[in-house]
Each structure stands twice: as C-alpha cells, then as structure tokens.
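Below are the chains, spelled out letter by letter.
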Amino acid sequence: MTHTDAGAELDPVHPVSPPGAPSAGLTGAQVAERVARGQVNDVPVRSSRSLGEIVRANVFTRFNAIIGVLWLIMLFVAPIQDSLFGFVILANTGIGIVQEWRAKQTLDSLAVIGEARPTVRRDGTAVEVATNEIVLDDLMEIGPGDKIVVDGVCAEADGLEIDESLLTGEADPVVKHPGDRVMSGSFVVAGGGAFTATKVGREAYAAQLAEEASRFTLVHSELRSGISTILKYVTWMMIPAAIGLVVTQLVVKNNGLKDAVARTVGGIVPMVPEGLVLLTSVAFAIGVIRLGRKQCLVQELPAIEGLARVDTVCLDKTGTLTEGGMDVTELRALDGYDETYVRKVLGALGESDPRPNASLQAIIDAYPDSEEWRCIESLPFSSARKYSGAAFSEGDGEASTWLLGAPDVLLAPGDPALAETERLNEQGLRILLLARATRDLDDPEPARGARPTALVVLEQRLRPDAADTLRYFAEQKVRAKVISGDNAVSVGAVAAKLGLSGSAVDARRMPPDPQGMARALDEGTVFGRVTPQQKRDMVGALQSHGHTVAMTGDGVNDVLALKDADIGVSMGSGSEATRAVAQIVLLNNSFSTLPSVVAEGRRVIGNITRVATLFLVKTVYSVLLAVLVVLWQVEYPFLPRHLTLLSTLTIGIPAFFLALAPNKERARPHFVRMVMRYSIPGGVLAGAATFVTYLIARHYYTGPGALDAETSAATLTLFLISMWVLAIIARPYTWWRVALVASMGVAFLFVLVVPALQSFFALKLVGVAMPWTAVAVAVVAAAALEFLWKWVDRRFPV
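Residues numbered from 1 in each chain as written. Predicted model: local features only at pLDDT ≥ 70, side-chain atom pairs only at ≥ 80, totals over all residues. Heavy atoms only, no water.

1. Details of the overall build of the protein chain
Which entries qualify depends on this criterion: Put simply, DSSP marks the helices as runs of H or I at least four residues long and the strands as runs of E at least two long, and each gets a number from the N terminus on. The rule is simple: take the accessible area with a 1.4 Å probe, protein chains only, and divide by the maximum for that residue type; under 20% is buried, over 50% is exposed, in between is partly exposed. Whether two residues are in contact is decided by their heavy atoms: any pair within 4.5 Å suffices. Shrake-Rupley sampling with a 1.4 Å probe provides the accessible areas, and residues are treated as covered by the protein chains on show and by no other component. As used throughout, the charge tally considers Lys and Arg to be positive and Asp and Glu to be negative, leaving His and the chain termini uncounted. A single reference atom marks each charge: NZ on Lys, CZ on Arg, CG on Asp, CD on Glu.
A count of helices and strands for the protein chain gives 28 helices and 21 strands. With the C-alpha coordinates aligned to their principal axes, the bounding extent of the protein chain is approximately 120 × 60 × 40 Å. Looking at the protein chain as a whole, 57% of its 798 residues qualify as buried. At a minimum sequence separation of 6, the contacts of the protein chain that also span at least 24 residues come to 72%. In the structure as shown, the protein chain presents an accessible area of about 32300 Å², 59% of it carried by carbon and sulfur atoms. Here the protein chain carries 72 positive and 83 negative side-chain charges, and the mean point of each set is 13 Å from the other.

Given below as structure tokens:
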C-alpha cells in the first residue's frame, strides 16, 4: 500500500498527493478534528510520581500503621509525653513528602528541558511538536538517532534503516521501504524518511514499555531492597517479642492497666526502625535536587546509587571525550586526481545527505556545493558500514559514484594510502577516505574495487573537562575504557592527549566469544572500529567477569550498549534514542558532571549504611530487652517518653545530619551483611548492659518511687552506650561531627538537671552509688563494643 492509499483509507478528507510527490501532511483543520475525537498520543510519560502517589507511599507503610495504632492507644491511656513518638512520626512523614515533592519538581522541570520533540509535517511545513501533541495520521519525519514514538506505516524512505532490536531482539538494522510497518520503541540508524502514524497513545506497540521505563522510581536498588530485607527480619523478630511483652505486662505482673499498657507500648515502639526508610528517601531526593542544579537529569533514581558502585566506565570518544564539531585541516588528493575536482565531489556529497553527521558537517562547512551536480542515488552513513555514498550526474553529463568513510574499511590491506593514514592517526587526527566506486550503491559490496581519490584530514576538538574527569576516575580506582567506531590508533592518540594510558586495540581482531573478549578488555584501554553490536557485546563481556559497567554516549550507535549497561549516561545533545534508554542525561553536555553523580551516589550509600547501623542497634536492643523482661517476668524498664528521648538524641537528630554529610568512600556491595554485622553485636551489648543495670537497681532501690529510680538508672546506661555507638559511627571525626555528638550529650545532661524536664520525662537519678554503677556498666560495655567491632572487621570482612 502506498502512502497516499493509506492516507485515503484512514481519512477520506486527507489530500491525496500525486505519485512520487512528498505529502503535505495533515492540515490544521484535520489536526483539530482528531484532537476533538481524542485521537492524540496521550500516553502520560512522567518523570516522577504524582503528589498523591508520594503521599500514599510515605503515609501508608507497614510501620506507620503499627506506630499509628500504638499512638492512638497512648493518647487515651497515658500522659502526652508518652505519645511524643507519634508526633515524631508525623514530622518524619511530612519531611519525606516535602523532600520528594521538591525532587519531583526538579525532575519535571529538567524532563521538559530534555524532552524529545518529534518533527511532523503539517500544511506542507515541518514543525516540532511535543510527543503528546501527535495525532492519528500525522506524517512524522525521521532521521538518524530519532526514536519512533508511535506506530505507523512508512511513507517516504531515503536509505532508511531502523533498529528494532530493543523490541524484537534482532541485532541487524531493517531496511524500510514505503508501505512497511514501523514500530514505536525502535530507532533510526541510517537514512531518513517519513511515516504515517496509524496507532497513537496506549494503542502503540511500545507505549506501556516507554511509560514504565521513563517513570521516576524508588525501587530496584541494592540499598532499598536491602532495607526491605532488613525490615522483613525486624517484623519476624517483633511479633513474638511483642506478644511475650503484652502477656508479661498485662497478665504476669499485677500492675495498673494504664501503666502496664504504657510500658508494653514503650517496649514495642523502639523495635520499629521507623526513620530508616524516611532517611533513605530523603537522601535520594536531596541527591536528585543537588544533581538537578548541575543540569543532570536522573531518569531512574537508583542510577545515583548504581554509578557509585561502578568499577568500569566505557566511554564513547565522539561527543564524550571530544566535542561534537570537527574542522577540516587538510585535503590530500591521491592517484593524480585534481584537488579542485575533489572539492566539487566533497561539496556534492555534503549536499546529498539531508541529515549530516559531525564529520560530513565539517566537510559541508569547508566545501560548498556545486549546483551543477545532481544526486541520483544515496547510501546514508551507518555505524555498522563505516561509510556513506552517493551517485551523481555531473554538470557535463557524466555519471559517477562515490564513497566516503573509514580508509581501513574501504581500502584493501597493504594499500599505500593506509600507511599515510596510519601516520596521521598517530597524531590523533581523524581521516576519511574519498573513493570512486566501480559498483552500484545497491550492490551487496559497493566498496569492492573502489579507487582511492583523496584523504580528508579532520581535527577533533577535545572537551576541556575530559582530562580532569578521567583523572578523577583513575584516582577513584574506576577503570576507563574508550570504545569508539573510529580508527584505534587515532582514538588512542586522543586518549593519550587526555592522560589515559594503555594499548589501543582494533576491535575487528578481538575474539568473538565473551570470555576471550573479556580478557582483551581487561588488557586493553582503547578500542577502535567497534560496531554497535560489539559495543553491546563488550558491555556484556565485562559484566560476565563481575564488573559493574557504566556506558556513556550520545550517538545512535551507542543505544544498544547504553541499554545493556548497568548505568547508561547520555549527553543532552545526543540522539533522541540515547536519551530515551539512558538512566542519566547530562543536559549541559558536560562530561565533568559525572564525578558529581558518583560523589552523590557515594554520599547516599555510605551515609545510609552508617545510619542504618544506628537504627538497627536500637531495634536489636529493644527486642532483646523485651525477651529478657519476659524471661525474668519483671516490669518493662522504660516508658515511651524515655525511648523517644533516647532515640531523638542518639539516632534521630544525628542520623539526619550524618545521612546528608559528604562521603567519598567507594560504595561496597552486600549492604545487609555490612549493616547486620555491626548492628547485632552492638544491640546485644547495649541490651544486655542495660538489663544488668536494671536488675542491680531493682535490688538496690526499695519502697515507693523505686521503679522510677530503676528506670532512670537503666536509661542512663542505655544513653551512654548509645552515645558510644554514635561516636563510633561518626568516625572519622571532623569538627562538626564532634560538635554533633557533644551537643547530644549536653542535651541529655540538660534534661537530667532541669527540674521541669526531669518531671516531664520522668527521669531523676536517686543517690550516688547507683548512677555511678550505671556509668561503670556503660563504660565496660563501650570497651567491649570497641573490641567486638574490631574483631568482627577481622573475622567477617566485607
């Protein structure tokens, strides 16, 4: 079916173009009519969760439900100070909502900047529109790097090749002719053309996939899945401990009902690490905001964490290490060809491609088109072929066919021109060969027998920030691999100018099997003449050897590798297809932004690991105290107000500052193991020492008010041990960390000496012997904790 037939069948009002003539597309009236009928591409592609989803995610959690019920109970049976924990949860939830809402606004504003704007032809004019403004039967113009955003039927094709591998798994590009189907989610690798939109909105083949892939998410990261695992373990521990505590306090001990309920709730509440999820969300959200200020769009939130775990970064040369533009510095005619004639050929070649790449654009700028030459047929450049071509009718009636591309692809081995090419490549120059073809462009091997005509010498512009960024990665023990479609020697020379040492390898000579390829990648640093499929295979080979791989790129030839890498990073000026599959888009096109992303990820992971230990030490000692109380059948030593005070001073306030502090430690795997190996011994020591003080105090104090005095002594021991845990977690010390720990100690001392606060928190140390005993127990426990954590480091290394 031709395009005009398809248009007439879909819309009888659609104007029918004469055969061979380009369609004018829809008229303004036809567009308005389709909008009124709802035939628009209304898939809600969002960069972030809606406000309602943010509120629900922060409010309706398992632990908020537990805390909420306990809080309501306490409001009825105990003084307000025993219900403070509920107000803390409200504040935490509010902070979480506000921070994520701020992150959403940052992401949404950046997403608009980086949003693709497809070109449609309306009323005979090509115009750019937002993706959601496309209507049914729109004529979409496409070129290299463009992503197909709706399903359609090809209407015009000029050497059009589309890669459908992300949909079908088929690696080879598909040549499209008028009447062929095109699918959303594929992308153009060569040539250009136009297609008529036949399915828009949710009917399009890849609409749901695109929506899901573009959505801002807080899941699928080792950090968050690790926290979920920990919370699952905590729930299992909480249930039997809480049941035993309820039975002990309400049945075994003959206390007043309200006091028994208060002490039961006081035992259950601290088991819940309620602030851990909040702080993780806040740390991630603030990371998004900080990176947003540097024009870095994080399309998937865990990418911040993922890049911090990367140990190998694969860099595409063009657009990453070098700027997109180039300059022609020299033209060397070969085989006796006249340079003036060669200039005409190059000018005509430039005019023959409506969507020139950077190399051809440099030639267009250097050599104007000769109006006497007329293009008969063209072969667009593709990364797999490494050359482009065109056939011309020259001004004098002669016909000729020309190829322009990589010398080592177009020339036979041993050709004298290759030696000259090699010498220029060693200087970091990019060389293109102009060759006169002896075969037609539709021949299976149009380059066979081509005669070399001229060498075009191009100079690439190095990015001023590339050297510093590569130096940063080297200092951070992150290996850099330069993977390029250009000549390996030329790429190696560019890398050397930027301070990246190592051997240059021609990818055509690399072993095809994953194991052999992985070994070659371990040994080499620079790889040239890499095809798009090879880039993808290289990423897979590195991953098969246990490496976490980031891939940067901006061209359509990088899409497959970006999709398969652990973290894909695209330049904002890159092709629409690369921006669509990348997790991180550098909207300012600055390679130097990457260290900021790495640093942000390390800050999040390192700090959350620290504060998770604080929260889980509290969970462990709370569960242990509940178990010991059940076994000894005694009153639970604390009221909710005591543990709210301890949690605020030793966990809540310090954790907030520690979670947002700078942290340059390299991210390490096994988050759950790292946290639990410190939390379990720390919590067991804290719980045991506190209970020992409590039992001693029970024998020491008698008469009315004994329970309050016992509680105060136990609280002092638990506070001192918790402070020591905080002091260990806060290492290495800086002035503000020391000030933070000291201020928490001063705040607790303030509570102990101010009568009003003593009364409010029911804390009053009685006598001298027992308080000093509590301090002595805490000192012994702190020393044991230092020894135990060092032993754990040696015995269970991460």
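2. Comments concerning helix H22 (residues 594-632)
This is how the line gets drawn: A helix is expected to span 1.5 Å for every residue after the first.
Under the 1.5 Å per step criterion, the end-to-end length of H22 is 57 Å for 39 residues, consistent within 8% with the ideal 57 Å. Counting buried positions along H22 gives 33 out of 39 residues, so the element sits mostly inside the fold. Within two residues after H22, Gln633 carries a phi angle of roughly 55°, on the positive side.

3. Focus on the packing of H22 against helix H25 (residues 706-729)
How we decide: Note on method: axes are straight lines fitted to C-alpha atoms, helices fitted across the in-contact stretch only, with angles between N-to-C directions ranging 0 to 180 degrees. By the definition adopted for this analysis, an angle is roughly parallel if under 35 degrees, roughly antiparallel if over 145, roughly perpendicular if from 65 to 115, and oblique otherwise. Rotating anticlockwise by less than a right angle from the far helix to the near helix defines a left-handed crossing, while the corresponding clockwise rotation defines a right-handed one. The residue classification treats Ala, Val, Leu, Ile, Met, Phe, Trp, Tyr, Cys and Pro as nonpolar and Asp, Glu, Lys and Arg as charged. All others, Gly included, are polar.
Packing of H22 against H25 leaves a shortest axis separation of 10 Å and a crossing angle of 155°. When the axes of H22 and H25 are compared, the pair comes out roughly antiparallel. Judged by the twist between their axes, the crossing of H22 over H25 is right-handed. Here H22 contributes Arg610, Thr613, Leu614, Val617 and Tyr621 to the contact with H25, which in turn contributes Leu718, Ser722, Val725, Leu726 and Ile729. Taken together, the residues of the contact of H22 with H25 break down into seven nonpolar, two polar and one charged.

4. Examining the nonpolar core
Within soluble globular proteins, side chains that are nonpolar generally end up buried alongside one another. Rules: The definition of a nonpolar core used throughout is a set of buried Ala, Val, Leu, Ile, Met, Phe, Trp, Tyr and Cys residues joined through side-chain atoms within 4.5 Å.
With 88 residues, the main nonpolar core has Phe85, Ile608, Val611, Leu614, Phe671 and Phe748 as its most contacted residues. Broken down by element, this core gets its largest block of residues, 14 residues, from H22. Residues in contact with Phe85, not counting those within four places in the same chain, are Ile67, Leu70, Trp71, Met74, Val265, Val269, Pro640 and Thr644.

5. Concerning the pattern of salt bridges
The following threshold applies: We define a salt bridge as a contact between a side-chain nitrogen of Lys or Arg and a carboxyl oxygen of Asp or Glu at a distance within 4 Å.
Applying the stated criterion across every chain yields a total of 31 salt bridges. With a shortest N-O distance of 2.9 Å, Arg508 and Asp408 are connected by a salt bridge. One end of the pair, Arg508, is in the loop between strand S17 (504-506) and helix H18 (514-523); the other, Asp408, is in helix H14 (residues 407-410), with 100 residues separating them in the sequence. Note on Arg508: relative accessible area 41%, which makes it partly exposed. Judged by its relative accessible area of 19%, Asp408 is buried. A network of salt bridges, in which partner residues are shared, links Asp408, Asp506, Arg508, Arg509 and Arg529.

6. As for the sheet that holds strand S18 (residues 526-528)
This is how the line gets drawn: For two strands to count as paired, DSSP must find a minimum of two bridges between them.
Spatially, the eight strands line up as an open sheet ordered S8-S21-S20-S19-S9-S16-S18-S17, and their pairing is mixed. Since the sheet does not close on itself, it has two edges, and those belong to strand S8 (296-298) and S17, each with one partner. When strand polarity is set aside, the average angle formed by the axes of neighbouring strands in this sheet is 20°. Looking at chain direction, strand S16 (residues 479-483) and S18 are connected through two bridges and run parallel.

7. Re the environment of Val246
Looking at where Val246 falls in the secondary structure, it is placed in helix H8 (residues 222-252). Residues Val246 and Thr264, 18 residues apart in the sequence, show an inter-C-alpha distance of 5.8 Å. With sequence-adjacent residues up to four places away left out, Val246 is seen in contact with Val251, Thr264 and Ile268.

8. Quick look at the environment of Ser544
Which entries qualify depends on this criterion: We call two N or O atoms a polar contact when they sit within 3.5 Å, provided that within protein one can donate a hydrogen and the other can accept it, with sequence-adjacent residues counted only if both atoms are side-chain atoms.
Residue placement: Ser544 occurs in helix H19 (residues 532-544). On the basis of relative accessibility, which here comes to 41%, the residue Ser544 falls in the partly exposed class. Taking the C-alpha atoms as reference points, Ser544 and Glu459, separated by 85 residues in sequence, lie 37 Å from one another. Reaching out from Ser544, the side chain makes a polar contact with the backbone oxygen of Ala541 at a distance of 2.5 Å.

9. Section: a negative patch on the surface
Quick reminder of the rule: Distance thresholds for patches are 9 Å for like charges and 5 Å for nonpolar side chains (Val, Leu, Ile, Met, Phe, Trp, Tyr), applied to residues having over 30% relative accessible area and no salt bridge.
On the surface, Glu351, Asp369, Glu371, Glu372, Asp396 and Glu398 cluster together into a negatively charged patch. Looking at the element boundaries, Asp369 is found in the loop between helix H13 (358-366) and strand S11 (374-379). By relative accessible area, which is 31% here, Asp369 ends up partly exposed.

10. A look at unusual backbone geometry
Backbone torsion omega between Arg731 and Pro732 reads -5°, so that peptide bond is classified as cis. Within the secondary structure, Pro732 sits in the loop between H25 and helix H26 (735-753). Although it is not a glycine, Asp123 sits at a positive phi angle of roughly 55°. Counting through the fold element by element, Asp123 comes out in the loop between strand S1 (119-122) and strand S2 (125-128). A positive phi angle, close to 80°, is found at Lys386, a residue other than glycine.

11. Looking at the packing of aromatic side chains
Going by this rule: Two rings from Phe, Tyr or Trp (for Trp, the six-membered ring) form a pair when their centres are within 6.5 Å of each other. A pair whose planes differ by under 30 degrees is stacked, one over 60 is edge-to-face, and the rest are tilted.
A full pass over the atoms with the stated rule returns 15 aromatic pairs. Here Tyr337 and Trp402 contribute two aromatic rings whose centre-to-centre distance is 6.4 Å and whose plane-to-plane angle is 70°, an arrangement assigned as edge-to-face. Remark: Trp402 occurs in strand S13 (residues 399-405) and Tyr337 occurs in the loop between strand S10 (322-333) and helix H12 (339-352); sequence separation between them is 65 residues. Taking the relative accessible area as the measure of exposure, Trp402 reaches 0% and is therefore buried. Arranged with centres 6.1 Å apart and planes meeting at 55°, the rings of Phe691 and Tyr694 form a pair that is tilted. With Phe691 and Tyr694 both in helix H24 (residues 671-700) and three residues apart, the pair spans about one turn of that helix. Put simply, the rings of Tyr337, Tyr341, Trp373, Phe392 and Trp402 pair up and form one aromatic cluster.

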